[in-house]
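# Topology and contacts: notes
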Amino acid sequence: MLGGKENNAFRIQFMQQNVDKNGSKMHTCLQIDLKLNIDFILFQESFVNTNSMTTISHSAYYCIMPESEKIRSRVMIFAKKSSRFQFCQKSDICSDTDIIIIDINDSLNSKTEVIQLINIYNEKSLAENNNE
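So, here's what we can say about the structure.

About the cut-offs
- Residues numbered from 1 in each chain as written.
- Predicted model: local features only at pLDDT ≥ 70, side-chain atom pairs only at ≥ 80, totals over all residues.
- Heavy atoms only, no water.
- Helix = DSSP H or I, 4+ residues; strand = E, 2+ residues; numbered from the N terminus.
- Pairing = 2+ DSSP bridges.
- Axes fitted to C-alpha atoms, helices over the stretch in contact; angles between N-to-C directions.
- Salt bridge = Lys/Arg side-chain N within 4 Å of Asp/Glu carboxyl O.
- Polar contact = N/O pair within 3.5 Å; in protein donor to acceptor, adjacent residues only side chain to side chain.
- Contact = heavy atoms within 4.5 Å.
- Expected span 1.5 Å × (residues − 1).
- Buried < 20%, exposed > 50% of the residue type's maximum accessible area, 1.4 Å probe, protein only.
- Arc of directions from axis to C-beta.
- Core = buried A, V, L, I, M, F, W, Y, C linked by side-chain atoms within 4.5 Å.

## A few points about unusual backbone geometry
The phi angle at Asn 37 is positive, at roughly 65°, despite the residue not being glycine. The topology assignment puts Asn 37 in the loop between helix H1 (23-35) and strand E2 (40-44). The phi dihedral of Glu 45 is positive, around 50°, even though this residue is not glycine.

Structure (structure tokens):
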């Protein structure tokens, strides 16, 4: 990590939250993270309207969801629209709706490496005496 105030502009800020399928919790996270200047918010157990397979929206963020019209995804990523970091969804890598992958690059510095961000819903087994 680079030190100094001038280098803070080059950092990508992430936040991850399990929101228990609650749209209000998602809105709260988005509002807080907007103030904290978070670039990418990774949600698990996201709210999804199962009738229309849609979720909440926010004017400051793009919503990135796995591509499925039939299965409720348990992961999604919100990307700040005003961020210097651009993203590309990589649905060709994995079609599992509990995994979402994006490539991130710096729009102001083409020499920086692409970062791959993966949001995976990792469900713990509910079987007794099973830590899988």
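## What about the sheet that holds strand E7 (residues 115-120)?
Read across the sheet, 3 strands follow the order E5-E6-E7 without closing on themselves; strand pairing throughout is antiparallel. Edge positions in the sheet fall to strand E5 (85-89) and E7, since each of these pairs with one other strand and no more. Taken over all neighbouring pairs, the strand axes of this sheet differ in orientation by 30° on average, direction set aside. Pairing between strand E6 (residues 99-106) and E7: 6 bridges, direction antiparallel. Pairing of Ile 101 across the sheet is with Ile 118, part of E7.

## With respect to the sheet that holds strand E3 (residues 61-64)
The 4 strands lie next to each other as E1-E2-E4-E3, forming an open sheet whose pairing is mixed. Both edges of this open sheet fall to strand E1 (14-18) and E3, since each of them pairs with a single strand only. Strand-to-strand twist in this sheet, taken as the mean axis angle between neighbours without regard to direction, amounts to 20°. In the sheet, E1 pairs with E2 via 5 bridges, with the strands oriented parallel. By the bridge assignment for E2, Asn 18 is matched with Gln 44.

## Things to note about the pattern of salt bridges
Opposite charge on two side chains makes pairing possible when the charged atoms of those side chains draw close. Summed over all chains, the structure comprises 5 salt bridges. Between Asp 20 and Lys 25 there is a salt bridge, with its nearest N and O atoms 3.0 Å apart. The salt bridge partner of Lys 90 is Asp 103, with a shortest N-O separation of 3.9 Å. Here the residue Lys 90 occupies a position in the loop between E5 and E6, and Asp 103 occupies one in strand E6, the gap between them amounting to 13 residues.

## Concerning the side chain of Ser 73
Looking at where Ser 73 falls in the secondary structure, it is placed in the loop between E3 and strand E4 (75-80). Polar side-chain contacts of Ser 73 include one of 2.9 Å to the backbone oxygen of Thr 97. The contact partners of Ser 73, leaving out residues within four places of it in the chain, are Val 48, Pro 66 and Thr 97.

## A closer look at H1
The terminal C-alpha atoms of H1 lie 19 Å apart, and with 13 residues this matches the ideal 18 Å at 1.5 Å per residue to within 8%. All of the buried residues along H1 are Gly 23, Met 26, Cys 29, Leu 30 and Asp 33. Along the long axis of H1, the arc covered by the buried residues comes to 115°, so they all point the same way. Opposite the buried face of H1, at more than 90 degrees from it, the exposed residues are Ser 24 and Lys 35. The backbone nitrogen of Ser 24 lies 2.8 Å from a side-chain oxygen of the residue at the head of H1, namely Asn 22. Asn 37, located one to two residues past H1, shows a positive phi value of around 65°.

## A word on the nonpolar core
Ranked by internal contacts, the top residues of the largest apolar core, which has 15 residues, are Met 26, Leu 30, Ile 41, Phe 43, Tyr 61, Met 76 and Phe 78. Those elements giving two or more residues to this core turn out to be H1, E2 and E4. The leading source of residues in this core is H1, at 3 residues. Those residues in contact with Met 76 that sit more than four places away from it in its chain are Met 26, Ile 41, Leu 42, Phe 43, Ser 46, Phe 47, Val 48, Thr 55, Cys 63, Ile 64, Met 65 and Asn 119.

From the geometry alone we can't say anything about function, so treat these as descriptive.
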